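Reading the structure
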Amino acid sequence: MTLDAKAGRGLPPHTRNEQWQERALLCRWLSTLFAKELDEATLKAYLEGEAEPLLALLCDHEQLAPLVARFNQALNVLRLFEQPRLELAADFATLFLMDGRTAAPPYASLYQSGQALFHQQPTERMETRLRAAGYDVKKDFGEPADHLAVMLDYLATGHERLGEASSEAEREEIQGGLVQFIDEELTPWLPTFAQRCQEIDTASDFYPTLGQLVADYCATLSTQASAPAR
Amino acid sequence: MAISRRTFLKGLAASGAASLIGPGLLARSATASVSVEGTWKMAGSHWGAFKALVKGGRVAEVKPFDADRYPTDMLNGIKGLIYNPSRIRYPMVRLDWLKNRENGDRTQRGDNRFVRLTWDSALDLFYEELERVQKNYGPWALYAGATGWRQTGQMHSCGNHMQRAVAMHGYFVKKVGDYSTGAGQSILPYVLGSTEVYSQGTSWPLILENSKTIVLWANDPYKNLQVGWNCETHESYEYLEQLKSKIADGSIRVISVDPVRTKSQKYLGCEQLYINPMTDVAFMLALAHTLYQEELYDKAFIEAYALGFEPFMEYVLGKADDNTEKTPEWAEALCGVPADEIREFARLLASDRTQLIFGWAIQRQQHGEQPYWMGAVLAAMLGQIGLPGGGISYAHHYSSIGVPASGASAPGAFPRNVDTGKTPKYDNADFKGANDTIPVARWIDCLLDPGGKIQYNGSEVTFPDIKMCIFSGCNPWHHHQDHNRMKKAFHKLETVVTIDYSWNATCRFSDLVLPACTQFERNDIDIYGSYSNRGLLAMHKLVDPLFHSRTDFDIFTDLCRRFGRHEEYAQGMDEMQWVKKLYDECKDANSEEVPSPSGPKVRFPMPEFEQFWQDGYVDFGAGDPWVRHADFREAPEVNALGTPSGFIEITSRKIDRYGYDDCKGYPTWMEKAERSHGGPNSDKYPLWLQSVHPDQRLHSQMCEADEYRATYTVQGREPIYMSPQDAKARGIADGDLVRVFNDRGQLLAGARVSDDFPTGVVRIHEGAWYGPVDASIGALDTYGDPNTLTMDVGTSKLAQATSANTCVVEMEKYTGEAPPVTSFGGPQMVEL
């Protein structure tokens, strides 16, 4: 079927299961975006508007709508680039892949107070969480567990587990754990990360916008995850 | 018509949007739990051996190896190295170079955007460039000669890996000499028959027993012995401690000839003889004058062991072309030491057993050959060369030289060259009339003047037209002089490939950057004590290579795979097979039997490899004391020196025949291109900048370790040490930021005002990472790399070595808004 992206807006309120499913989708989508650069096919899909349904889901949160508009504008500008994939890859590198001091390194350990080093307590805590949930970071990803993409994937997995929980008590425990995870492991550094994404000169606004989106979206998850759903 | 949420989500799952969502980064875990206790592993480094507690795959704690009684404080920087935010995490390529290769805008180098590559793409690019350069140009266009203080370990020594792999593909331009001792290692073979700088010296126990006077000439062993070429044992410190006691009880007199009150002087509690910078040769000539005039020199020794004393003395006595007698009064005007004190010092040297011990920084100046040559002449005049506690040494501050050697064989290393009988893929050694080897410190001259010719050590060198450079574990953007000149030279290069583990300036000025892991992320083996061969150390891999970094062995094996030579490269072995092979060969070499009261026994018994690897260390025991040049003294005809005559050459006919105006047939005083204390250019730039070896780094290694760096920086900048007088005259207080400048460049540094420094002398330790505000020529260096200011000229036509310590500057209090330090980050972006 073809999907009318705009149809997503103003959708009737979702059920609890649908809400978890959406959150899992969005978290994993964002994780994908921060895990690596876009390849040609994926970029083409973005430029052809394939992300619209996902953006529509984000627009469920009123405060994210301006960022979604900004993201769409970034895509419009990208369409004018001669080599958009390379420019985006260079932006990605500039923001996330060079040294871990300047720009916006996507690692929780580097935002701790005190000395900024890789593989610090946030990595350890994240590994403990993953182990407790029965997971490891895939070897070929080659990143420590405090990488933003891993944390977002953990969040996606958590929301999937909510849907699979066999009892209300289990659901509550998972839900509580997720809120605590966002508050303790993401909220302390994502606003700084997002801010740094805005301060660096990039060719496109694609990643700076995403940097802000991920921080703001996680903030909505933190406040709404604890709110009762239908 | 509105659709339901469920329908929408179903639709999304089936739409193109689903393709934007990856498969996830988590896998079901196989491991149940992680040991909370952790494991202690053995590791080695230039800074010494240590044990590391590895917990949950991370280095949690580092403590010195039990056998190291004098561990360096720098071990506190190890964790900061491994987990440093400056780590290179992925293969990266400069965007403009990727798009345009050799036709790109090279002025962007150092200030440009990069993109990530997979290892396969990165190595393909590396290989394509090697192919392009060998095919389109030839071996003359490729420089892979620069190597430096690689991380320790005999198997993974990165220069060997880089040069073996590149040599299997084609020939390339190499270097001769090094930045540490270029002038010394060139001149001393003419004078004493070997480089001396890298030779074992008279054992400390004999010096302590026999010397009455020790002269530390521009030498700071207490500072410099913290690091070693192989794993450092720090055994020398035991002898320095004994020396300190002997100074205190008056049995040995130690005099530090130095403009600066050194760390060694302060530790030992010894005397200082202040001398104006770069005037040591004038001072020494006057000493020779006094020794001669007062007949204090050893005529019999000169006659039996040395050649060319007379022509030299004619020069000293003012009978040579310059018609200037090198009297103490003549020297006083230059060196600032009163004539009577010069005479007194000469008398002291001749009064009893005297050991001269020179440092290296003194030969890293224009005409740096001269103080070393003149030191040897003085030692010959004193007649104590070859006696215990007498004569001259050029290396007791280095790698525990002077600690008696065990006599055991050290392990070999992964080969640097192509295997015997094999030829490179491009078997073309035609350098088109250019030299295949250039003096190391002249490579920027070479880039700027292809086809140009220079005189070097008795021959003429024609510079090749280099198009591509490869650096591995080597940071020329710290160790080479005059960075603004380097920037111009780098605009000429078509391709620069760097393999390293941190984003230093060399990476920033490169096109292709490949992440090697640190030595703590690989298994290796090393000798414990470069010259003492005290033992053999296992270097356990502490953690897996971080991020996407790899060992040099893996990187270059895969490069060779691209031209089908990977099996040959690795000789069909993996890392641990290599480590075991090196161990087993060492064990064989040490298996010789010697007689003992209970029958023949193996002199250096070594267990089977598996046992060694588990124990982490084999001790070879302490060696026997030894006297440098004793054999020559005993029988000069039989044990002739390696000089052309076999004797100490006070005058060198060979050098004389070269006809060089800046290195004549005997040691001479020559004015420098610039010099403080009344010398040339001192009216404009009155301060001598000395850039000696750092106290809290190994050259540039460990500068990036933030927490440790913070123990010595001033407002986040490298310290510049200065006298209270110079500070006051410029309104500078301790802790201020200062701008240091000359016609070559400018930098920011943090003021450290100290009585240890005399007027007109400032110090910035070399190895401070370069971090200009932008890529423009003349840009302010934000951290304080002294090579932003130093002069890039050869010491002379003989050695063509670095003259880093011939440098004058001015400074001022910095009152503007200080730019952030850029040294430890990746490239800054060009304006888009």
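Before reading further, recall that the structure is shown in the block above.
Residues numbered from 1 in each chain as written. Chains lettered and ligands numbered in written order. Predicted model: local features only at pLDDT ≥ 70, side-chain atom pairs only at ≥ 80, totals over all residues. Heavy atoms only, no water.

Remarks on the overall build of chain A
Helix and strand content of chain A: 10 helices and 1 strand. Going from N to C terminus, chain A has its helices and strands arranged as α-α-α-α-α-α-β-α-α-α-α. For 230 residues, the compact-globule formula gives about 17 Å, and the C-alpha radius of gyration of chain A, at 18 Å, lands near that figure. A buried classification covers 58% of the 230 residues belonging to chain A. (Helix = DSSP H or I, 4+ residues; strand = E, 2+ residues; numbered from the N terminus. Rg over C-alpha atoms; globule rule 2.2 N^0.38 Å. Buried < 20%, exposed > 50% of the residue type's maximum accessible area, 1.4 Å probe, protein only.)

Notes on the overall build of chain B
The helix and strand inventory of chain B stands at 28 helices and 32 strands. By the compact-globule yardstick of 28 Å for 832 residues, chain B fits well, its C-alpha radius of gyration being 28 Å. Taken over the C-alpha atoms alone, chain B extends approximately 115 × 75 × 55 Å along its principal axes. Here chain B holds 832 residues, and the buried ones make up 66% of them.

Structural notes on unusual backbone geometry
Residue and element names in this part refer to chain B. Even without being a glycine, Glu196 presents a positive backbone phi close to 60 degrees. Along the chain, Glu196 turns up in the loop between α6 (182–191) and α7 (204–210). Here the phi dihedral of Met702 falls at roughly 90 degrees; this positive angle occurs in a residue that is not glycine. As for its placement among the helices and strands, Met702 is situated in the loop between β27 (687–690) and α27 (706–709). Of the residues examined, Met702 reaches a relative accessible area of 0% and is grouped as buried.

Remarks on the packing of aromatic side chains
By the definition in use, this model includes 71 aromatic pairs over all chains. A ring pair is formed by Tyr46 of chain A and Phe206 of chain A, whose centres lie 5.8 Å apart and whose planes are at 90 degrees; its orientation type is edge-to-face. Here the residue Tyr46 of chain A occupies a position in helix α2 (residues 40–47), and Phe206 of chain A occupies one in helix α10 (residues 206–225), the gap between them amounting to 160 residues. Per residue, the accessibility class of Tyr46 of chain A equals that of Phe206 of chain A, and both read buried. Relative to Trp503 of chain B, the ring of Phe114 of chain B lies with its centre 5.3 Å away and its plane at 85 degrees, an arrangement referred to as edge-to-face. Linking Phe114 of chain B in strand β6 (residues 114–116) with Trp503 of chain B in the loop between β19 (495–500) and α20 (505–508), this pair joins segments that are 389 residues apart in sequence. (Phe/Tyr/Trp six-rings, centres within 6.5 Å; stacked < 30°, edge-to-face > 60°.)

Some words on the sheet that holds strand β7 (residues 142–143) of chain B
Overall, mixed pairing links the 6 strands, which are arranged β6-β5-β20-β19-β18-β7 (chain B) in an open sheet. Of all strands in the sheet, those with a lone pairing partner are β6 and β7 of chain B, marking the two edges. The sheet contact formed by β19 of chain B and strand β20 (residues 512–515) of chain B spans 4 bridges and is parallel. By the bridge assignment for β20 of chain B, Val497 of chain B is matched with Leu512 of chain B. Lying over the sheet, helix α5 (residues 84–97) of chain A contacts β5 (92–94) and β6 of chain B, oriented at roughly 90 degrees with respect to β6 of chain B. Across the sheet, helix α4 (residues 119–137) of chain B is in contact with β5, β7, β18 (468–472), β19 and β20 of chain B; its angle to β20 of chain B comes to roughly 130 degrees. (Pairing = 2+ DSSP bridges. Contact = heavy atoms within 4.5 Å. Axes fitted to C-alpha atoms, helices over the stretch in contact; angles between N-to-C directions.)

Remarks on the pairing of strand β4 (residues 58–64) of chain B
Residue and element names in this part refer to chain B. In terms of strand pairing, strand β3 (residues 50–55) meets β4 through 6 bridges, oriented antiparallel. Bridge assignment links Val54 to a residue of β4, and that residue is Val59. Counting the residues in the hairpin turn of β3 and β4 gives 2 residues, including Gly56, whose phi is positive at 55 degrees.

Considering the packing of α2 of chain A against helix α4 (residues 65–78) of chain A
All names here are of chain A. Between α2 and α4, whose axes approach to 10 Å, the crossing angle comes to 115 degrees. Here α4 runs roughly perpendicular to α2, going by the angle between their axes. Note on packing geometry: the crossing formed by α2 with α4 is left-handed. Counting all contacts with α2, which are made through Leu43, Tyr46 and Leu47, the residues of α4 involved are Phe71, Leu75 and Leu78. (Parallel < 35°, antiparallel > 145°, perpendicular 65-115°, else oblique. Left-handed = near helix turned anticlockwise from the far one by under 90°.)

Things to note about the interface of chain A and chain B
Across the boundary between the two partners, chain A contributes 79 residues, which contact 61 residues of chain B. Surface buried jointly by chain A and chain B totals about 5800 Å² across both partners, of which 60% is contributed by carbon and sulfur atoms. Of all residues in chain A, Met98, Arg101 and Phe118 of chain A bury the most surface against chain B, accounting for 13% of the area lost on that side. At the junction of chain A with chain B, the criterion picks out 7 salt bridges. Between Glu87 of chain A and Lys99 of chain B there is a salt bridge, with its nearest N and O atoms 2.9 Å apart. (Buried area = accessible area lost by both parts, 1.4 Å probe. Salt bridge = Lys/Arg side-chain N within 4 Å of Asp/Glu carboxyl O.)

Let's talk about the pattern of salt bridges
Residues and elements named next belong to chain B. Evaluated as defined, the whole model comprises 71 salt bridges over all chains. Of the charged contacts in the structure, one is a salt bridge between Arg253 and Glu271, with a shortest N-O distance of 2.7 Å. Of the two residues, Arg253 is situated in strand β10 (residues 253–257) and Glu271 in strand β11 (residues 271–273); the sequence distance between them amounts to 18 residues. One salt bridge connects Arg522 with Asp552, and the closest N-O pair in it is separated by 3.4 Å. Pair noted here: Arg522 is in the loop between β20 and β21 (524–528) and Asp552 is in helix α21 (residues 552–561), with a separation of 30 residues, a long-range link. The exposure class of Asp552 is buried, given its relative accessible area of 2%.

Some details on the pairing of strand β22 (residues 535–539) of chain B
Residue and element names in this part refer to chain B. With 5 of its 5 residues buried, β22 lies for the most part within the structure. Across the two faces of β22 the burial is the same, with Gly535, Leu537 and Met539 and Leu536 and Ala538 all buried. Note that β21 and β22 share 5 bridges and pair antiparallel. Bridge pairing links Asp526 to Leu537 in β22.

Overview of the nonpolar core
In terms of nonpolar packing, the biggest core is built from 191 residues, with Trp29, Phe193 and Phe206 of chain A together with Trp217, Phe283, Phe312 and Phe345 of chain B touching the most fellow members. When residues in this core are grouped by element, the largest group, 10 residues, is from helix α16 (residues 369–382) of chain B. Excluding residues within four positions of it along the chain, Phe283 of chain B makes contact with Trp217, Val257, Leu273, Ile275, Ala331, Cys335, Val337, Ile342 and Phe345 of chain B. (Core = buried A, V, L, I, M, F, W, Y, C linked by side-chain atoms within 4.5 Å.)

Some thoughts on the environment of Leu43 of chain A
Residue and element names in this part refer to chain A. Mapped onto the elements of the fold, Leu43 is located in helix α2. Sequence separation between Leu43 and Leu75 is 32 residues, and the spatial gap between their C-alpha atoms is 9.6 Å. When near neighbours in sequence (up to four residues on either side) are disregarded, Leu43 contacts Leu38, Leu78, Pro84, Arg85 and Leu88.

Examining the sheet that holds β21 of chain B
All names here are of chain B. Spatial strand order, β21-β22-β25: 3 strands in an open sheet with antiparallel pairing. Every other strand in the sheet has two partners, leaving β21 and β25 (617–619) as the edge strands with one partner each. Recorded for the sheet is a direction-independent mean angle of 15 degrees between the axes of neighbouring strands. Packed onto the sheet, helix α23 (residues 575–589) meets β21, β22 and β25 and runs at close to 35 degrees relative to β21.

Some points on the packing of helix α7 (residues 148–164) of chain A against helix α8 (residues 168–186) of chain A
Residues and elements named next belong to chain A. Taken N-terminus to C-terminus, the directions of α7 and α8 make an angle of 165 degrees; their axes are 9 Å apart at the nearest point. The orientation of α7 relative to α8 falls into the category roughly antiparallel. Both α7 and α8 take part in a crossing whose hand is left-handed. When α7 is examined against α8, the residues Leu148, Met151, Tyr154, Leu155, Gly158, His159, Arg161 and Leu162 are found in contact with a partner set consisting of Arg171, Ile174, Gln175, Leu178, Phe181, Ile182, Glu185 and Leu186. Looking at the contact of α7 with α8, its residues break down into 10 nonpolar, 3 polar and 3 charged. (Nonpolar A, V, L, I, M, F, W, Y, C, P; charged D, E, K, R; others polar.)

Details of the environment of Gly760 of chain B
Residue and element names in this part refer to chain B. Positionally, Gly760 belongs in the loop between β30 (745–753) and β31 (761–763). When its relative accessible area of 6% is taken as the criterion, Gly760 is described as buried. Along the backbone, Gly760 and Ser406 are 354 residues apart, and their C-alpha atoms lie at a distance of 45 Å. Sequence-distant contacts of Gly760, defined by excluding residues within four places in its chain, comprise Ser676, His677, Pro686, Leu687, Trp688 and Asp726.

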